[in-house]
Amino acid sequence: MTGPWRVTFDTNPDECNRHCTMCEQFSEHSAHQRERHKRDLPPRRMPFELIEDVVGACRPHGLREIIPSTMGEPLLYRDFERILDLCRAQGVLLNLTTNGSFPRLGAHRWAELVVPVTSDIKVSWNGATQLTQESIMVGSSFGRGMDNLRTLVAVRNQHQTQHGHRCRLTLQLTFLRSNVDELPD
């Protein structure tokens, strides 16, 4: 085994449904997306065939895990379901970071699809109160986020009971002056 054990793909760094204050891509404080729009640049989207080729080439050399975009919301990637199919077919695990909105399919359906092929699901979470969470993760709903997280945990636990596979669930935190005092909560 001489190849990489993990590969990260920038699947769709220009697609997100949140405007988190600390994000270099989508924050209202960042000019990045405004500049891309002003220059009439199309959204960056990795062709699925490139992912397929890299996984196919690396799998025989020890590839065990892939990470879809860590910028933007990977569940907005138009070929995300194909990535899941590829993981199943190649016996490669997925390591997912999401903002927890579960766009397009909803939390329950995404959990059913993702949990069986995932090593770790990291959900971005930045406040123990509604005010803090929603002011940092602009566009989010604290209540909906809590419901989505509960759904994800329930599906993960049911999958473990039925199939023995348990992916880790992690809350991904960004420590800011505005939230650091409440993060232990």
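As shown above, the structure is provided for reference.
These figures come from a predicted structure and were not determined experimentally.

(A) Region of interest: a nonpolar patch on the surface. There is a patch of nonpolar side chains on the surface, built from Leu 171, Leu 173, Phe 175 and Val 180 and spanning about 360 Å² of accessible area. Judged by relative accessible area, which is 42%, Leu 171 ranks as partly exposed.

(B) Spatial organisation of helix α4 (residues 106–114). The set of residues buried in α4 consists of Ala 107, Trp 110, Ala 111, Leu 113 and Val 114. For α4, the buried positions fall inside an angular range of 165 degrees around the axis, keeping them on one side. Buried residues along α4 sit in contact with α3 (80–90), β4 (93–98), β5 (118–124) and α6 (142–163).

(C) Just the sheet that holds strand β3 (residues 65–67), in detail. Across the sheet, five strands lie side by side as β1-β3-β4-β5-β7; this open sheet has parallel pairing. Only two strands of the sheet have a single partner each, and these edge strands are β1 (6–8) and β7 (168–172). On average, each strand axis in the sheet is inclined to that of its neighbour by 15 degrees, with strand direction left out of account.

(D) Main features of the packing of helix α2 (residues 48–58) against α3. Orientation of α2 relative to α3, taken along the N-to-C sense of each, is 15 degrees, at an axis distance of 11 Å. Here α2 lies roughly parallel to α3, going by the angle between them. Here the hand of the crossing between α2 and α3 comes out right-handed. Residues Phe 48, Glu 49, Ile 51, Glu 52, Val 55 and Gly 56 of α2 form the contact with α3, whose participating residues are Arg 82, Ile 83, Leu 86 and Gln 90. Each residue belonging to the contact of α2 with α3 can be placed in one class, and the counts come to five nonpolar, two polar and three charged.

What counts, and where the lines are drawn
- The residue numbers shown here count from 1 along each chain, following its written sequence.
- Predicted model: local features are reported for residues with pLDDT of at least 70 only, side-chain atom pairs are reported and counted for 80 or more only, and whole-chain, interface and lining totals are derived from all residues.
- Side-chain descriptors were evaluated using all non-hydrogen atoms of the structure, hydrogens and water having been removed beforehand.
- The patch calculation keeps residues exceeding 30% relative accessible area without a salt bridge and links them within 9 Å when they carry like charges or within 5 Å when they are nonpolar (Val, Leu, Ile, Met, Phe, Trp, Tyr).
- Per-residue and other accessible areas follow the Shrake-Rupley method at a 1.4 Å probe size, with only the shown protein chains counted as cover for residues.
- Criterion for a salt bridge: a side-chain nitrogen of Lys or Arg within 4 Å of a carboxyl oxygen of Asp or Glu.
- Burial classes follow relative accessibility: with a 1.4 Å probe on protein chains only, a residue under 20% of its type's maximum area counts as buried, one over 50% as exposed, and anything between as partly exposed.
- Each helix corresponds to a stretch of at least 4 residues labelled H or I by DSSP, and each strand to a stretch of at least 2 residues labelled E; elements are numbered beginning at the N terminus.
- To be clear, the arc concerns the directions from the helix axis to the C-beta atoms.
- Contacts between residues were defined by any pair of non-hydrogen atoms, one from each residue, lying within 4.5 Å.
- Any two strands between which DSSP finds at least two bridges are classified as paired.
- An axis is simply a line fitted to the C-alpha atoms; with a helix, the fit covers only the stretch in contact. Between two such axes, the angle follows the N-to-C directions and lies from 0 to 180 degrees.
- Angles below 35 degrees are treated as roughly parallel, those above 145 as roughly antiparallel, those between 65 and 115 as roughly perpendicular, and all remaining angles as oblique.
- Should the near helix be turned anticlockwise from the far one by less than a right angle, the crossing is termed left-handed; should it be turned clockwise, right-handed.
- Charged means Asp, Glu, Lys or Arg here, nonpolar means Ala, Val, Leu, Ile, Met, Phe, Trp, Tyr, Cys or Pro, and polar covers whatever is left, Gly included.

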